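# Results of the structural survey
So the chains spell out like this:
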Amino acid sequence: MAKYILKRLAQSLLTIFLVVCVVFLLMRLLPNDYYFTEEQLIKLTDEQQHDILEKAGMLDHPLVQLGRYLKGILLHGDFGVSHRIQTGKSVTSIIASRFGISMRLGLIALVFSLLIGVPSGILQARFKDGLYDHIGTAFTIFINAVPHLVSYSLVMVFGARLLGLPSMYSGRKVWKFMLFGMQCKFNYSQILPIICLSLGSIASYMLWMRRYMVDELNKDYIRLAKLKGLSSTRVMFSHVMKNAFLPLAQYLPYSVLLTVGGSILVERFFSVPGIGNLLPDAIAKFDVNCVQALVILYASLGIIGLFLGDLLMTLLDPRISLVEKGGTR
């Protein structure tokens, strides 16, 4: 087990390292003019631009720049400074100031998705070919077939008109309430972004949970359990659901990390000031250091999520053997 973990960890770290190198070198292929704003290009002479680029190290060999960049990341967690989003401010601090908003929305949306999607998929399998199953299948097909912008627009229109919910995110729209003697706050402008973040995950959990449970229900050990006199409810929850949830568990850490990382489309659509909304801004303004850091962040979250998913799968499923004859997995 320890050997497998170390091997997978080394593979994940090597992949992240390659992503950092490739992203950095690709960004260095852009012309140096993107380092300056349009106003600076008009005001500064060619000699002044050359001096600024030389002082910033932008004229060094790309491999020298890469070595300096890797050193800053490994020793200080420094991804450079922003030149367009917040001029002169550390990219790390810019991302950190927005990460909390994306994390809060993402975690709430993920919990919401699990609480609705998994039980709904179980009920679809339990009442296969019934009315509930047809409704759930129609919902899944609709969410997967309709473009995301269309479904998000429908949520925004109905939420704003029927429920009176704010259509744009705002830090000022807060409900205050007492819970267990403690005063709590909830920003109700988060409701529509959370619903939109949850839609795709709910449909996926419903689809795959139903599929895996239907597959399990047709296996021989389930027929044997029923012949022994076990009730359908006990078979469903003691055997079928446990084995059907295992494939979903593998991708749960991946879903958690990517959801926490924020959704670019949802945050852009509802003007949420999270890191998902930061990436298109950085690209539009050619803020190279911000783009590099965010692409590396998203790639790292995905790689780490897959690594944790593999580990979780080996812990939950005793049928998986990490050691085989003739070598290791």
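Predicted model only: the values in this text are computed from it and were never measured.

## Considering a nonpolar patch on the surface
On the surface, Phe142, Val150, Leu154, Val157, Phe158, Leu162 and Leu163 cluster together into a nonpolar patch covering about 680 Å² of accessible area. The element best represented in the nonpolar patch is helix 7 (residues 148–162), accounting for 5 residues.

## What about empty space enclosed by the protein?
This structure, assessed with the given rule, holds 1 cavity of 30 Å³ or more. Within this model, the largest cavity holds a volume of roughly 80 Å³. Its residues assigned to classes, the lining of the largest cavity shows 7 nonpolar, 1 polar and 1 charged.

## So, the layout of surface pockets
Taken as a whole, the second largest pocket holds about 420 Å³ of empty space. Forming the walls of the second largest pocket are 20 residues, and the residues nearest its centre are Arg28, Ala56, Tyr69, Gly80 and Asn289. Contributing elements (two or more residues each) for the lining of the second largest pocket: helix 4 (62–76) and helix 14 (288–316). The biggest single contributor to the lining of the second largest pocket is helix 4, with 5 residues. Of the residues in the lining of the second largest pocket, the class split is 10 nonpolar, 6 polar and 4 charged.

## Structural notes on the confidence of the model for the protein chain
With 91% of its residues at a pLDDT of 70 or more, the protein chain shows a mean pLDDT of 82. Put simply, strand 4 (residues 327–328) is where the protein chain has its lowest mean pLDDT, 47, and helix 6 (residues 131–145) is where it has its highest, 92.

## Re the packing of helix 7 against helix 8 (residues 191–217)
Contact pair helix 7 / helix 8: the axes reach a minimum separation of 10 Å and the direction vectors enclose 145 degrees. As for the relative orientation of helix 7 and helix 8, their crossing is right-handed in sense. Side by side, helix 7 and helix 8 meet where Tyr152, Val155, Met156, Gly159 and Ala160 of the first sit next to Leu192, Ile195, Cys196 and Leu199 of the second. Class assignment for the residues of the contact of helix 7 with helix 8 results in 8 nonpolar, 1 polar and no charged.

## Focus on helix 5 (residues 91–126)
Over its 36 residues, helix 5 runs 50 Å from end to end, which matches the ideal 52 Å to within 8%, given 1.5 Å per residue. In helix 5, a bend of some 35 degrees at Arg98 exceeds every other bend along the element. Two to three positions downstream of the cap, the backbone nitrogen of Thr92 sits 3.3 Å from a side-chain oxygen, assigning the N-cap of helix 5 to Ser90.

## Here we look at a negative patch on the surface
On the surface, Asp46, Glu47, Asp51 and Glu54 cluster together to form a negatively charged patch. Here Asp46 lies in helix 3 (residues 46–55).

## Here's the deal with the nonpolar core
Grouped together as the largest cluster of nonpolar side chains are 27 residues, with contacts concentrated most on Val20, Tyr69, Phe79 and Ile95. By residue number, the principal contributor to this core is helix 14, which donates 8 residues. If we skip the residues at most four places from it in the chain, Ile95 touches Ile275, Leu278, Ala293, Leu294 and Leu297. Core analysis: the next-biggest nonpolar cluster, separate from the first, contains 19 residues, Ile143, Leu192, Leu199 and Phe269 among them.

## Some remarks on the state of the cysteines
Inspection of the entire model under this criterion finds 0 disulfides. Its sulfur unpaired, Cys21 is 20 Å from the next cysteine sulfur, which belongs to Cys290.

## Digging into the packing of helix 5 against helix 13 (residues 275–284)
The interhelical angle for the contact between helix 5 and helix 13, taken along N-to-C directions, is 135 degrees, at an axis separation of 8 Å. Here helix 5 is positioned oblique relative to helix 13, judged by the angle of their axes. Contacts between helix 5 and helix 13 involve Ile94, Ile95, Arg98, Phe99 and Ser102 from the first element and Ile275, Gly276, Asn277 and Leu278 from the second.

## Topic: the side chain of Ser102
As for its placement among the helices and strands, Ser102 is situated in helix 5. You can call Ser102 buried: its relative accessible area is 1%. Among the polar contacts made by the side chain of Ser102, one reaches the side chain of Glu267 at a distance of 2.6 Å.

## Things to note about helix 6
With 15 residues, helix 6 should reach 21 Å at 1.5 Å per residue; the first-to-last C-alpha distance of 21 Å fits that figure. Every buried residue belonging to helix 6 is among Asp133, Gly136, Thr140 and Ile143, and all of these are buried. Down the axis, helix 6 shows its buried residues gathered within 100 degrees of arc, on one side only. Exposed side of helix 6, more than 90 degrees from the buried face: Leu131, Ile135, Ile141 and Ala145 are the residues found there. Structurally, helix 6 contributes buried residues whose contacts are with helix 5 and helix 8.

## Some remarks on the pattern of salt bridges
One pass over the full model with this rule turns up 4 salt bridges. Here Asp281 ties to Arg268 by a salt bridge, and the two come within 2.5 Å at their closest N and O atoms. In this pair, Asp281 sits in helix 13 while Arg268 sits in helix 12 (residues 264–269), placing the two residues 13 residues apart along the sequence.

Rules and cut-offs
- Residues numbered from 1 in each chain as written.
- Predicted model: local features only at pLDDT ≥ 70, side-chain atom pairs only at ≥ 80, totals over all residues.
- Heavy atoms only, no water.
- Patch = residues over 30% accessible without salt bridge, like charges linked within 9 Å, V, L, I, M, F, W, Y side chains within 5 Å.
- Areas by Shrake-Rupley, 256 points an atom, 1.4 Å probe, with all protein chains shown as cover.
- Salt bridge = Lys/Arg side-chain N within 4 Å of Asp/Glu carboxyl O.
- Helix = DSSP H or I, 4+ residues; strand = E, 2+ residues; numbered from the N terminus.
- 1 Å grid on protein atoms, 1.4 Å probe; cavity = no way out; pocket = protein on both sides within 12 Å on 5 of 7 lines; lining within 4 Å.
- Points joined across faces, edges and corners; volume = space filled by probe spheres on them.
- Nonpolar A, V, L, I, M, F, W, Y, C, P; charged D, E, K, R; others polar.
- pLDDT = per-residue confidence, 0-100.
- Axes fitted to C-alpha atoms, helices over the stretch in contact; angles between N-to-C directions.
- Left-handed = near helix turned anticlockwise from the far one by under 90°.
- Contact = heavy atoms within 4.5 Å.
- Expected span 1.5 Å × (residues − 1).
- Bend = angle between axes of the 7 residues up to and from the residue.
- Polar contact = N/O pair within 3.5 Å; in protein donor to acceptor, adjacent residues only side chain to side chain.
- Lys, Arg positive; Asp, Glu negative; His and termini not counted.
- Charge placed at Lys NZ, Arg CZ, Asp CG, Glu CD.
- Core = buried A, V, L, I, M, F, W, Y, C linked by side-chain atoms within 4.5 Å.
- Buried < 20%, exposed > 50% of the residue type's maximum accessible area, 1.4 Å probe, protein only.
- Disulfide = S-S within 2.5 Å.
- Parallel < 35°, antiparallel > 145°, perpendicular 65-115°, else oblique.
- Arc of directions from axis to C-beta.

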